[in-house]
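Structural characterization, general
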Amino acid sequence: MNQKYLCLKWAFLFIVLTLLSFSNTLQAQMADVELRLSANPTTLSLYGFVEVIATIENKGPADANNLTVHVPIPAGQLAYTSQSETAGNYNLFFNEWRIGQLAAGASAQLTLTLFVLQENTPIQLFSELTGADDPDPDSTPENGTPPTPNEDDEALLTLQPPG
């Protein structure tokens, strides 16, 4: 009976170590991608301009591949004037920023310069990661429900009226 107990103990230990090793392997293949939105200025000024900046960051440990972020421009409230990206490109027709690959520890920014068409009510911009080839430990692409961000791959920005 002692030998049987010892054999079971070793088998259990082997299973636990195998599971831990598998878990560490999965974790090493994940890319923790986070999205933030900011603006300059954050207060609306009728017929003025506002820069909306989307920042995506890969906290690692793995590279993130085939990233796409939905960055909509509210029709009738803001109008597109220009864009600049530190990585990838923004498709105005689809409101999609295609980043492609983002190395672990790296970040990228999209800056949209927008013309303000109304300043009477707050304007909310909800953005979300909509595509990624690699699993993320704490979020899932394209599962958000605007306007409330529930994961770190979603972001909400509110531009306020003056006063």
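Residues numbered from 1 in each chain as written. Predicted model: local features only at pLDDT ≥ 70, side-chain atom pairs only at ≥ 80, totals over all residues. Heavy atoms only, no water.

**A few points about the nonpolar core**
Defined as follows: In these notes, a set of buried Ala, Val, Leu, Ile, Met, Phe, Trp, Tyr and Cys residues joined through side-chain atoms within 4.5 Å is what counts as a nonpolar core. Note on classification: 1.4 Å probe, protein chains only; a residue is buried when its accessible area is under 20% of the maximum for its type, exposed when over 50%, partly exposed between these limits. Secondary structure is summarised from DSSP: a helix means a run of H or I of at least four residues, a strand means a run of E of at least two, and numbering begins at the N terminus for each. Here a residue-residue contact requires only that any non-hydrogen atoms of the pair lie within 4.5 Å.
Ile56, Leu78, Trp97 and Leu159 are the most contacted members of the largest nonpolar core, which totals 31 residues. For this core, the secondary structure elements donating two or more residues are strand 1 (31-40), strand 2 (49-61), strand 3 (64-70), strand 6 (96-102), strand 7 (107-116), strand 8 (123-131) and strand 9 (154-159). Residues in contact with Ile56, not counting those within four places in the same chain, are Val33, Glu34, Leu35, Leu67, Val69, Trp97, Ile99, Leu102, Ala106, Ser107, Ala108 and Leu129.

**A closer look at the pairing of strand 3**
Short version of the rule: If DSSP finds at least two bridges between two strands, the strands pair.
For strand 3 and strand 6, the ladder comprises five bridges, and the chain directions are antiparallel. Residue pairing in the sheet places Leu67 in a bridge with Gly100 of strand 6. Bridge count for strand 3 against strand 8 is three bridges, and the pairing is antiparallel. Across the sheet, His70 pairs through a bridge with Glu128, a residue of strand 8.

**Observations concerning the confidence of the model for the protein chain**
Interpretation of the predicted coordinates at a detailed level should be avoided for regions scoring low in pLDDT. For clarity, the cut-off: Values of pLDDT, which run from 0 to 100, indicate the predictor's confidence residue by residue.
Across the protein chain, the average pLDDT comes to 89, with 83% of residues at or above 70. Within the model, the stretch residues 21-27 combines pLDDT values under 50 with two contacts to residues more than four positions away or in other chains.

**Re empty space enclosed by the protein**
Worth spelling out the cut-off: Every definition here rests on a 1 Å grid over the protein atoms only: cavities are sets of points where a 1.4 Å probe fits but cannot get out, pockets are open sets enclosed by protein on both sides within 12 Å along at least five of seven lines, and lining residues have some atom within 4 Å of a point. Grid points are joined across faces, edges and corners, and a volume is the space filled by probe spheres set on the points. Each residue is assigned to one of three groups, with Ala, Val, Leu, Ile, Met, Phe, Trp, Tyr, Cys and Pro labelled nonpolar, Asp, Glu, Lys and Arg labelled charged, and all others, Gly among them, labelled polar.
Going through the model one piece at a time under the given rule, you end up with one cavity of 30 Å³ or more. Of the pockets and cavities examined, the largest cavity occupies roughly 30 Å³. Lining the largest cavity are Ala31, Val33, Leu129, Ala132, Asp134, Asp136, Ser139, Pro141 and Asp153. Grouping the amino acids of the lining of the largest cavity by side-chain chemistry returns five nonpolar, one polar and three charged.

**As for unusual backbone geometry**
In this structure, Pro41 follows Asn40 across a cis peptide bond, with omega equal to -5 degrees. Its location among the elements puts Pro41 in the loop between strand 1 and strand 2. Omega for the peptide link from Gly60 to Pro61 comes to 5 degrees, which places this bond in the cis form. Residue position: Pro61 is located in strand 2. Backbone geometry places Tyr47, a non-glycine residue, at a positive phi of 65 degrees. Here Tyr47 is to be found in the loop between strand 1 and strand 2. Take Tyr47: its relative accessible area is 56%, and that puts it in the exposed class. Of note, the phi angle at Asn66 is positive, near 60 degrees, even though the residue is not glycine. Here Asn66 lies in strand 3. Given the relative accessible area of 43%, Asn66 is considered partly exposed.

**Structural notes on the environment of Lys59**
Here Lys59 shows up in strand 2. Given a relative accessible area of 47%, Lys59 falls into the partly exposed group. Each C-alpha atom, one on Lys59 and one on Ser107, is 8.7 Å from the other, the two residues being 48 residues apart in sequence. Not counting the four nearest positions on each side in its chain, Lys59 is found in contact with Asp32 and Glu34.

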